[in-house]
2 protein chains.
Amino acid sequence: MSAQDMKKEIPYKIYISENDMPKAWYNLRADMKNKPAPLLNPETLQPMTYDDLRPVFCDELIKQELDDTTPYIEIPDEIRSFYKMYRPAPLVRAYCLEEKLQTPAKIYYKFEGNNTSGSHKLNSAIAQAYYAKKQGLDGVTTETGAGQWGTALSMACAYLGLDCRVYMVKVSYEQKPFRREVMRTYGAQVTPSPSETTEVGRAILAKHPGTGGSLGCAISEAVEAAGNLGNYRYVLGSVLNQVMLHQSIIGLETKIAMDQYGIKPDIIIGCAGGGSNLGGLIAPFMGEKLRGEADYRFIAVEPASCPSFTRGKFAYDYCDTGMICPLAKMHTLGSGFIPAPNHSGGLRYHGMNPILSQLYHEGYMEATTVKQTEVFEAAEYFARVEGILPAPESSHAIRVAMDEAIKCRETGEEKTILFGLTGTGYFDMVAYEKFNNGAMTDYIPGDEDLAVGFAGLPEVNL
Amino acid sequence: MSAQDMKKEIPYKIYISENDMPKAWYNLRADMKNKPAPLLNPETLQPMTYDDLRPVFCDELIKQELDDTTPYIEIPDEIRSFYKMYRPAPLVRAYCLEEKLQTPAKIYYKFEGNNTSGSHKLNSAIAQAYYAKKQGLDGVTTETGAGQWGTALSMACAYLGLDCRVYMVKVSYEQKPFRREVMRTYGAQVTPSPSETTEVGRAILAKHPGTGGSLGCAISEAVEAAGNLGNYRYVLGSVLNQVMLHQSIIGLETKIAMDQYGIKPDIIIGCAGGGSNLGGLIAPFMGEKLRGEADYRFIAVEPASCPSFTRGKFAYDYCDTGMICPLAKMHTLGSGFIPAPNHSGGLRYHGMNPILSQLYHEGYMEATTVKQTEVFEAAEYFARVEGILPAPESSHAIRVAMDEAIKCRETGEEKTILFGLTGTGYFDMVAYEKFNNGAMTDYIPGDEDLAVGFAGLPEVNL
């Protein structure tokens, strides 16, 4: 069949019907022979139980966090209704990109940016807010760095009538006033962190009066605030297994759309920060691979400045720099590792989701790094050709997808490439401006930088 | 049929298939008994001919501008391919809004914000850029105020490999650096206006060294620049009949989607600045009304601060404050009218598209005004309930749609309300911040303010 004929068959954008949308999330752990290691209590270094976790997290979400055997978990009706407001997300055939690259490869991307939070984060935000509401809580607390997660959670809480308190890293709070205003428009209370509202915050302010804050500190404040407020719990936008469960909606929709058109991807590519998008996108495909039903090549793309997979260790580590959250066994650069100020805030995290870490450890997926100037070159190229201004995070996947498509041009192979386009870059124009002005630089940590992080890894004997 | 059953039948979002997308634009003028009056030459005050217009506009676009008899004009394949990158736009059933308002009304909106320009402007930008390219031009020039049109044109030009020069009102250039960067990312050359690059600009700068510029001045600079650059033409994002022709894609898609589900709107509502979105949305429905095939109630919503329909005169006037562009017969506040700094930059224009002006004059449609604090109240409500953060311009339509739905709650009528949601408010957070802080005020011009504009209306004897 000629390329022209294919064009007639496969539309530019595949929207599955609302009736075909998934009715259950897929829990990849159920198909893993070697389950991800359990979370550990930061004080005792022993596996955390349901009861250990209850003071911090919502009950139903703890169950999901600990459940590594149930393959499908039903999506409640209320969440499915909310999903229908902005989903299904389109699976886009990148005809224009293919043509410009003159590649025989077929390129598809799942676009998660068509909602006001601007990313896939909303998929888990509504789920977490729903279970909090159902438990009868008054509200939830969280932290946000770049602001996508905070925005998504604000939207979900506004919809459900739940109070939302966001601790936003102070430097972001000041540099990204627009993100802050979106959250306020959705009724969230946004506090620059560190703040005077918590003990942790006051202690840090006393020690470092002029500090711009950090994600680690904001997490600690949000956790403490949930406790102080009473009928509140803390929620988190990435890294945790429950988040990956909710994000499986991305991969499930993609698979349904592809199956409807008889498309089978050869390579599946996603950017990797905490792993929520990558894990969600690949989940059902990885499930097939684990069950021996199909084979795919999976590529995780991380920034050269924060290479948890490619240069990290597979070890137990703290999820936060404050060391008050549970420990997870994961690929990590150490909770004391300080990533350079790369513009992809969503990928600036020292660790990686435990499920993905386990799978990478066992060789089920690959990982690669890209430098941020290469990433912005790809982002700009993509924006001009496909019309969507991508988030810097998402553009890591674009870069590698383009590279793979160019390889196909050289070898003549007609591979089918799928990547996750997690969101839009409308609130990242400071970074684009730097790139447009030729003022962007790259950061690659030296071994001595990594050594600092590794030195802080806890000793765990289980 | 119960409301619950209806929900099952009509999805949250209706996407027509790419094969069902319109293959021709609809030219409403063909169905008008009384055609809109011709454009006049600003020097001779005589009707402009094709040859008169050639130095400024692209040839094919002039033909479209002057054609008031051909009902359907084919959309070239290349434009249809581009449309498929971001269209069809969803027709959304606002189930959540209906529920929150407890109204028996059925509310639909056509959402044009799912593209990087953030609005419907891209529909005409790609058409205008395409004809410029086809004519063998090197590039196009234009002006932009808030930045939507400039962004849309930059995207279209980047796609076609056409040079794009945007004169951006200086105060916007400085206050909206992110909009400017999006345009630069798409390769456009953005110049703050007034500038030293044109005679007009230099003259204004000499007279008013510290001026923040105006749309009228930016238009004059863009027109002059097109002439100076040689193989360039000037293009415009609203007001002209050709723009309304291209924007008919909005209404055509809406009608196709509604027909597929047997939906007939009772009321159709759109915000009105220059008229491009309103005219595009209502075109095929108004065509039916003009041909006596169906009846609809049309409501144009304009800001109380710039009431061209409701308080303007139906008269010949200049399209620009510089008085170098052709004159159009339209509802106008006078080209010398200075609108208050309302946050809906896209509605801050003294005149109105001649087609819509004629139809309003003959009683085929209604118009109403709303104050901007009422508009932002509606915008915030809508954002929380429907998940989309709307542009301030679009929120004018939301306000009136909500008001009509609330009337239905009171009367019990099950009216079907359709409105145009022209775009997103991601670059309007300064306005939202003002609203969130309770610092937003309303502007209603007094009769003496209007008298200033009316005093400048030219005398035309035809």
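Residues numbered from 1 in each chain as written. Chains lettered and ligands numbered in written order. Predicted model: local features only at pLDDT ≥ 70, side-chain atom pairs only at ≥ 80, totals over all residues. Heavy atoms only, no water.

1. Focus: the overall build of chain A
Piece 1. Per the secondary structure count, chain A includes 19 helices and 15 strands.
Piece 2. Expected size for 462 residues packed as a compact globule is a radius of gyration near 23 Å; at 21 Å, chain A falls within 12% of this value.
Piece 3. With respect to the principal axes defined by its C-alpha atoms, chain A has extents near 65 × 50 × 45 Å.
Piece 4. Taking all 462 residues of chain A together, 65% fall into the buried category.
Piece 5. Long-range contacts, defined as pairs at least 24 residues apart, comprise 77% of the intrachain contacts of chain A with a sequence gap of at least 6.
Piece 6. Taken as a whole, chain A presents about 15900 Å² of accessible surface, with 49% of it coming from carbon and sulfur.
Piece 7. Positive and negative side-chain charges in chain A, numbering 44 and 56 respectively, have mean positions lying 3 Å apart. (Helix = DSSP H or I, 4+ residues; strand = E, 2+ residues; numbered from the N terminus. Rg over C-alpha atoms; globule rule 2.2 N^0.38 Å. Buried < 20%, exposed > 50% of the residue type's maximum accessible area, 1.4 Å probe, protein only. Contact = heavy atoms within 4.5 Å. Areas by Shrake-Rupley, 256 points an atom, 1.4 Å probe, with all protein chains shown as cover. Lys, Arg positive; Asp, Glu negative; His and termini not counted. Charge placed at Lys NZ, Arg CZ, Asp CG, Glu CD.)

2. Section: unusual backbone geometry
Piece 1. Of note, the amide linkage connecting Arg87(A) to Pro88(A) takes the cis form, showing an omega dihedral of -5°.
Piece 2. By the secondary structure assignment, Pro88(A) is in the loop between helix H4 (77-86) and strand S4 (91-93).
Piece 3. One non-glycine residue, Gln102(A), lies in the positive phi region at around 50°.
Piece 4. Locating Gln102(A) in the fold gives a position in the loop between helix H5 (95-101) and strand S5 (106-111).
Piece 5. A residue is classified by how much of its surface remains accessible, and Gln102(A), at 59% relative accessible area, is exposed.
Piece 6. Here the phi dihedral of Val239(B) falls at roughly 65°; this positive angle occurs in a residue that is not glycine.
Piece 7. By the element assignment, Val239(B) lies in the loop between strand S9 (232-234) and helix H12 (241-260).

3. Thoughts on the sheet that holds strand S15 (residues 416-421) of chain A
Backbone-to-backbone hydrogen bonds pair the strands of a sheet. The strands run either parallel or antiparallel.
Residue and element names in this part refer to chain A.
Piece 1. With respect to topology, 7 strands assemble into an open sheet ordered S1-S4-S5-S15-S10-S11-S14, the strand pairing being mixed. What marks the edges here is a single partner per strand, and that holds for strand S1 (13-14) and strand S14 (366-370).
Piece 2. With 5 bridges connecting them, strand S11 (residues 297-303) and S14 associate as parallel partners. In the sheet register, Val301 faces S14, and the bridge partner there is Thr368. (Pairing = 2+ DSSP bridges.)

4. Focus on the pattern of salt bridges
Piece 1. Applying the stated criterion across every chain yields a total of 54 salt bridges over all chains.
Piece 2. As a salt-bridge pair, Arg87(B) and Glu253(B) come within 2.9 Å of each other at their nearest N and O atoms. A residue pair is termed long-range when its members are at least 10 positions apart, and Arg87(B) in the loop between helix H4 (77-86) and strand S4 (91-93) and Glu253(B) in helix H12 qualify at 166 residues.
Piece 3. Lys255(B) is the salt-bridge partner of Glu288(B), the closest N and O atoms lying 3.5 Å from each other. Of this pair, Glu288(B) sits in helix H13 (residues 276-290) while Lys255(B) is found in helix H12, placing the two residues 33 residues apart along the sequence.
Piece 4. Among the residues examined, Lys255(B) registers a relative accessible area of 13% and is labelled buried.
Piece 5. Where salt bridges share partners, they join Arg87(A), Lys110(A), Glu112(A) and Glu253(A) into one cluster. (Salt bridge = Lys/Arg side-chain N within 4 Å of Asp/Glu carboxyl O.)

5. Digging into the packing of aromatic side chains
All names here are of chain A.
Piece 1. Per the stated rule, a full pass over the model turns up 35 aromatic pairs over all chains.
Piece 2. A centroid spacing of 5.4 Å and a plane angle of 40° characterise the contact between Tyr26 and Tyr72, whose relative ring orientation is tilted. You can see Tyr26 sitting in strand S2 (residues 24-26) and its partner Tyr72 sitting in strand S3 (residues 72-74), a full 46 residues away along the chain.
Piece 3. A relative accessible area of 3% places Tyr26 in the buried class.
Piece 4. Both rings, one in Phe382 and one in Phe419, keep their centres 6.2 Å apart while their planes meet at 75°; by these two values the pair is edge-to-face. One end of the pair, Phe382, is in helix H16 (residues 372-386); the other, Phe419, is in strand S15, and 37 residues separate them in sequence. Phe419 matches Phe382 in its accessibility class, with the two residues each being buried.
Piece 5. Members of the aromatic cluster, each reached through a chain of ring pairs, are Phe82, Tyr83, Tyr86 and Tyr159. (Phe/Tyr/Trp six-rings, centres within 6.5 Å; stacked < 30°, edge-to-face > 60°.)

6. Side note on the sheet that holds strand S6 (residues 139-144) of chain A
Residues and elements named next belong to chain A.
Piece 1. Reading across the sheet, the 4 strands line up as S8-S7-S6-S9 and stay open at both edges, with parallel pairing between neighbours. Sheet topology places strand S8 (189-193) and strand S9 (232-234) at the edges, where each strand pairs with a single neighbour. Taking the axes of each pair of neighbouring strands and ignoring which way they run, one obtains an average angle of 25° across the sheet.
Piece 2. When S6 meets strand S7 (residues 163-169), the two strands line up parallel, connected through 6 bridges. Residue pairing for S7: Gly139 is matched across the bridge by Asp163.
Piece 3. Along the sheet face, helix H9 (residues 177-185) touches S6, S7 and S8 and points at about 170° away from the line of S7.
Piece 4. The strands that helix H11 (residues 215-229) touches are S6, S7, S8 and S9; relative to S6, the one it contacts most, it runs at about 170°. (Axes fitted to C-alpha atoms, helices over the stretch in contact; angles between N-to-C directions.)

7. With respect to the relation of the copies chain A and chain B
Piece 1. Rotating chain A by 180° about the axis while translating it 0.0 Å along that axis superimposes it on chain B, leaving an RMSD of 0.0 Å. Expressed as a symmetry operation, the mapping of one chain copy onto the other fits a two-fold axis. Closest to the rotation axis within chain A is the C-alpha of Asn114(A), separated from it by 3.1 Å.
Piece 2. A symmetric contact is evident, with 100% of the interface residues of chain A recurring at the interface of chain B. (Least-squares fit on C-alpha atoms with pLDDT ≥ 70 in both.)

8. Here's the deal with the interface of chain A and chain B
Often the size quoted for an interface is simply the accessible area lost on bringing the parts together.
Piece 1. With 43 residues of chain A at the interface, the matching set in chain B holds 43 residues.
Piece 2. Buried area between chain A and chain B, summed over both chains or domains, comes out near 4100 Å², and the portion from carbon and sulfur atoms is 56%.
Piece 3. The interface formed by chain A and chain B contains 4 salt bridges.
Piece 4. Residues Lys13(A) and Glu18(B) are paired through a salt bridge, measuring 3.6 Å at the closest nitrogen-oxygen approach.
Piece 5. The tally of links from chain A across to chain B stands at 28 residue pairs in polar contact (both at pLDDT 80 or more).
Piece 6. Where the side of chain A that touches chain B is concerned, the elements lending two or more residues are H4, H5, helix H7 (148-160), H9, H16 and helix H18 (429-436) of chain A.
Piece 7. For the side of chain A that touches chain B, the leading source of residues is H9(A), giving 6 residues.
Piece 8. Counted by class, the side of chain A that touches chain B contains 22 nonpolar, 9 polar and 12 charged residues. (Buried area = accessible area lost by both parts, 1.4 Å probe. Polar contact = N/O pair within 3.5 Å; in protein donor to acceptor, adjacent residues only side chain to side chain. Nonpolar A, V, L, I, M, F, W, Y, C, P; charged D, E, K, R; others polar.)

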